[in-house]
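So the chains spell out like this:
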Amino acid sequence: MKKKLGLMLCVISCLVLMMGCSLTKENKNLSKSKLTKSAEEFAAQWFEYDFQTTVEQYADQMGEEQVDSYKEYAKMQKKHGAMKKVVDKDYSTASDTATVALTITTEKSGKLVFTVIYSEDGEISDWKAEEYQSIGKTMGRAGLNTVM
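All of the points below concern the structure found in this document. All values derive from a computational prediction rather than experimental measurement. (Residues numbered from 1 in each chain as written. Predicted model: local features only at pLDDT ≥ 70, side-chain atom pairs only at ≥ 80, totals over all residues. Heavy atoms only, no water.)

Section: the overall build of the protein chain
For step 1, the next point in the chain: Within the protein chain, the secondary structure is distributed over 5 helices and 4 strands.
For step 2, the next point in the chain: In sequence order, the secondary structure elements of the protein chain are arranged as α-α-α-α-β-β-β-β-α.
For step 3, the next point in the chain: Across the 148 residues that make up the protein chain, the buried fraction comes to 25%.
For step 4, the next point in the chain: Excluding contacts between residues fewer than 6 apart, the proportion of contacts in the protein chain whose partners are at least 24 apart in sequence is 46%.
For step 5, the next point in the chain: Per element, the accessible surface of the protein chain, about 11100 Å² overall, is 56% carbon and sulfur. (Helix = DSSP H or I, 4+ residues; strand = E, 2+ residues; numbered from the N terminus. Buried < 20%, exposed > 50% of the residue type's maximum accessible area, 1.4 Å probe, protein only. Contact = heavy atoms within 4.5 Å. Areas by Shrake-Rupley, 256 points an atom, 1.4 Å probe, with all protein chains shown as cover.)

Spelled out as structure tokens, the structure:
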């Protein structure tokens, strides 16, 4: 009887310890609503920023990779026009970062995807803007690659 009771106590204490280890402290800097709003504001500023003028004035102070990125962003702005509205928001977190991906429609009937990555203190650590690729287009390219 004492062995069964001792074994039962050990099992219960192990389960309690395991449950305690799985609990994580929520980082208040990675609030979904706060970071999603911040990403939307960032995207709105991106549409207003003049990448072409920045490249013309500061190309000698920028690295080649940054110049190429800014030129690509200037082409995207010209191709898509102004921001219309956010049609999809995707929020995900890892242990110490959060990612917000926004799908945005533009005035020239295009879509752009903005991905903003936040560090654990809630500051933007990385971002990218790219053209939206539909699943049909992606599958078409995959099929072409298979045929080749």
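Brief notes about the packing of aromatic side chains
For step 1, the next point in the chain: Inspection of the entire model under this criterion finds 11 aromatic pairs.
For step 2, the next point in the chain: When the centroid spacing of 4.8 Å and the interplanar angle of 65° are considered together, the rings of Y49 and F51 count as edge-to-face.
For step 3, the next point in the chain: Classification of F51 by relative accessible area gives buried; the value is 3%.
For step 4, the next point in the chain: Relative to Y70, the ring of Y49 has its centre 6.4 Å away and its plane inclined at 90°; by these criteria the two rings are edge-to-face. Of this pair, Y49 sits in the loop between α2 (32-48) and α3 (51-58) while Y70 sits in helix α4 (residues 64-80); the two residues are 21 residues apart in sequence, bridging distant segments of the chain. (Phe/Tyr/Trp six-rings, centres within 6.5 Å; stacked < 30°, edge-to-face > 60°.)

What to know about the packing of α3 against α4
For step 1, the next point in the chain: In contact at an axis separation of 8 Å, α3 and α4 are set at 150° when each is read in the N-to-C sense. Taken together, the axis directions place α3 and α4 in an arrangement best described as roughly antiparallel. When you trace α3 past α4, the crossing you get is left-handed. Side by side, α3 and α4 meet where F51, Q52, T54 and V55 of the first sit next to V67, Y70, K71, Y73, A74 and Q77 of the second.
For step 2, the next point in the chain: Considering only residue class, the contact of α3 with α4 consists of 6 nonpolar, 3 polar and 1 charged. (Axes fitted to C-alpha atoms, helices over the stretch in contact; angles between N-to-C directions. Parallel < 35°, antiparallel > 145°, perpendicular 65-115°, else oblique. Left-handed = near helix turned anticlockwise from the far one by under 90°. Nonpolar A, V, L, I, M, F, W, Y, C, P; charged D, E, K, R; others polar.)

Observations regarding α2
For step 1, the next point in the chain: When the terminal C-alpha atoms of α2 are compared, their 25 Å separation across 17 residues agrees well with the 24 Å that a helix rising 1.5 Å per residue should span.
For step 2, the next point in the chain: Along α2, the residues that are buried comprise L35, T36, A39, F42, A43, W46 and F47. When α2 is viewed along its axis, its buried side chains cluster within an angular range of 140° and face the same direction. In α2, the exposed positions angled more than 90 degrees off the buried face are occupied by S33, K37, Q45 and E48.
For step 3, the next point in the chain: Among the structural elements, α3, α4, β1 (83-93), β2 (98-106), β3 (111-118) and β4 (124-131) are those in contact with the buried residues of α2. (Expected span 1.5 Å × (residues − 1). Arc of directions from axis to C-beta.)

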